[in-house]
Amino acid sequence: MTGFDYRQFFTDDLAQLREEGRYRVFADLEREMMSGIYAYDHRINKRITIWCSNDYLSMGVHPDVIDAARNALEQYGAGAGGTRNISGTSHEHVMLERELAELHGKEAALLFTSGYVANDAALSSLGRHMPCCVIFSDALNHASMIEGIRHSGADKVIFAHNDWRDLERKIASVCKYRPKLICFESCYSMDGDFAPIEAICDIADRYNAFTYVDEVHAVGLYGPHGAGVTERDGLQGRIDMIQGTLSKGFGAIGGYIAGTHEAVDFIRSHASGFIFSTALPPSVVAGIRAALRHLREDGAQRQALARRAASLKTRMIENGIPVMPSPSHILPVMIGDAALAKAITDHLMVESGIYIQPINYPTVPRGTERLRITPTPLHTDEDEAALIAALISARDAFPGWLPLAASANGNTQHDVLELQS
Ligand code: PLP
């Protein structure tokens, strides 16, 4: 057979990824429900400690959540049975949307099958249907927002990360009659930094722009009721649309948007990724409702996570581990090279049973490859001591690591050099 060799094409492409150290190798985990943070990895036949889970508050293994999901599974069965329009809307869905709207102080909310789909569906609908819309997007926005904006076909203007002055310069140059959408995240997942939300809202007011904030890494975690950074900072009322996930702070799967009745109804009526996809299983929704209820009323998980993140960060700094200057619960550790990141994470896993997935391009820019450490309320002092010992062992085993991390990027360079001295 002549012509295009499909198998060879795939083989060559994968070989290139391997050569660059970017080929992704998955763990093969059996998570222990009782501990929530230990798992058996079938790939290496070893019990390991997970330090890179996005089940930030361990709600995925909380007894209230498990009970609610189990009861609903027995009551309603495994699946929703259809799209939301065609038999897939259960009372659980209706109630969760009501509760999410209430959590964020908004009139309405809408569920999606993931946070990715929520961003893609909402942004593509907003950008496509608002006439001559211009979308202003933070340079470090997540892939799901970038794709949503791309799918909208609207004009896109990228502003420098968290640089509201750059945003204002750019927004001021656009015709005042055009609809303007400002898209950003409240907490950035790879650097762990927060957005200047108030300054962005001030600009939105001055230029009559619509604000869309992704609170994926903040819902459940920040604010007195876990409604995110906008709640913590008293800014919920100044944001037009809040987007969140149900897979991280709330421990399960799914995504949502919250806003005015009209804006949410508009997306419900236009978004292909909402209309043509089967609804979340009611049992999952029931579990999420239990997580949401718990986190609204009880801040214990949030406080335990904050304490663990602070103590880990201090100990990493004391031991010369190049943790980036993140003010949030996310603790990125700079490495600066894909192959080295893989070698270090393999070392941590094999020598110490510490599981941290390396973060590579395109998730982060080339040359800023890193570890992304995410503590949980269930990690103990002993787990923390074991992690620090393992990081010290890796630091000593790879002498090229710290100089490389120090030269990896501007902000980090300063902190890393300080750490080394
Ligand atoms: N938005 C941001 C900022 C994310 O980091 C992610 C995923 O990590 C998503 C959206 C997608 O959320 P989900 O995992 O629920 O699809």
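Here, every reference points to the structure presented above.
Cut-offs and rules
Residues numbered from 1 in each chain as written. Predicted model: local features only at pLDDT ≥ 70, side-chain atom pairs only at ≥ 80, totals over all residues. Heavy atoms only, no water. Core = buried A, V, L, I, M, F, W, Y, C linked by side-chain atoms within 4.5 Å. Buried < 20%, exposed > 50% of the residue type's maximum accessible area, 1.4 Å probe, protein only. Phe/Tyr/Trp six-rings, centres within 6.5 Å; stacked < 30°, edge-to-face > 60°. Lys NZ or Arg CZ within 6 Å of the ring centre and 35° of its normal. Helix = DSSP H or I, 4+ residues; strand = E, 2+ residues; numbered from the N terminus. Near = heavy atom within 4 Å. Polar contact = N/O pair within 3.5 Å; in protein donor to acceptor, adjacent residues only side chain to side chain. Areas by Shrake-Rupley, 256 points an atom, 1.4 Å probe, with all protein chains shown as cover. Nonpolar A, V, L, I, M, F, W, Y, C, P; charged D, E, K, R; others polar.

Participant: Provide a residue-level description of the nonpolar core, including the pertinent values.
Facilitator: The biggest cluster of nonpolar side chains holds 52 residues, and the ones touching the most others in it are Ile182, Phe184 and Phe250. Formed by 28 residues, the second largest nonpolar core is a distinct cluster that contains Val333, Met334, Leu340 and Trp401.

Participant: Provide a residue-level description of the packing of aromatic side chains, including the pertinent values.
Facilitator: Scanning all chains against the criterion turns up 5 aromatic pairs. Where phenylalanine 4 meets tyrosine 6, the ring centres are 5.1 Å apart and the plane angle is 70°; that geometry is what we call edge-to-face. Residue phenylalanine 4 is classed as exposed on the basis of its relative accessible area of 54%. Using a relative accessible area of 56% as the deciding quantity, one classes tyrosine 6 as exposed. When the centroid spacing of 5.5 Å and the interplanar angle of 65° are considered together, the rings of phenylalanine 9 and phenylalanine 10 count as edge-to-face. Here a set of aromatic residues connected by ring pairs shows up, and it is made of Phe4, Tyr6, Phe9 and Phe10. Looking at arginine 232, its charged tip hangs above the ring of phenylalanine 194, at a distance of 4.5 Å from the centre.

Participant: How would you explain the environment of tyrosine 207 if you had to name every residue and give the values?
Facilitator: In this structure, tyrosine 207 sits in the loop between helix 8 (197-206) and strand 8 (210-214). Here the alpha-carbon distance between tyrosine 207 and lysine 180, two residues 27 residues apart in the chain, equals 8.2 Å.

Participant: Can you break down the site of the ligand residue by residue, with the values?
Facilitator: Within the structure, the ligand sits among 15 residues, and Gly115, Tyr116, Asp214, His217 and Thr245 are positioned closest to it. Between threonine 245 and the ligand, the recorded distance is 2.6 Å, taken from a side-chain N or O atom to an oxygen atom. For the ligand, the accessible surface in isolation is 380 Å², of which the surrounding protein chains cover 85%. Per element, the largest residue contribution to the shell around the ligand is 3 residues, and it comes from helix 5 (residues 115-129). Residue composition of the shell around the ligand, by class: 2 nonpolar, 10 polar and 3 charged.

That's the geometry; what it means functionally is another story.
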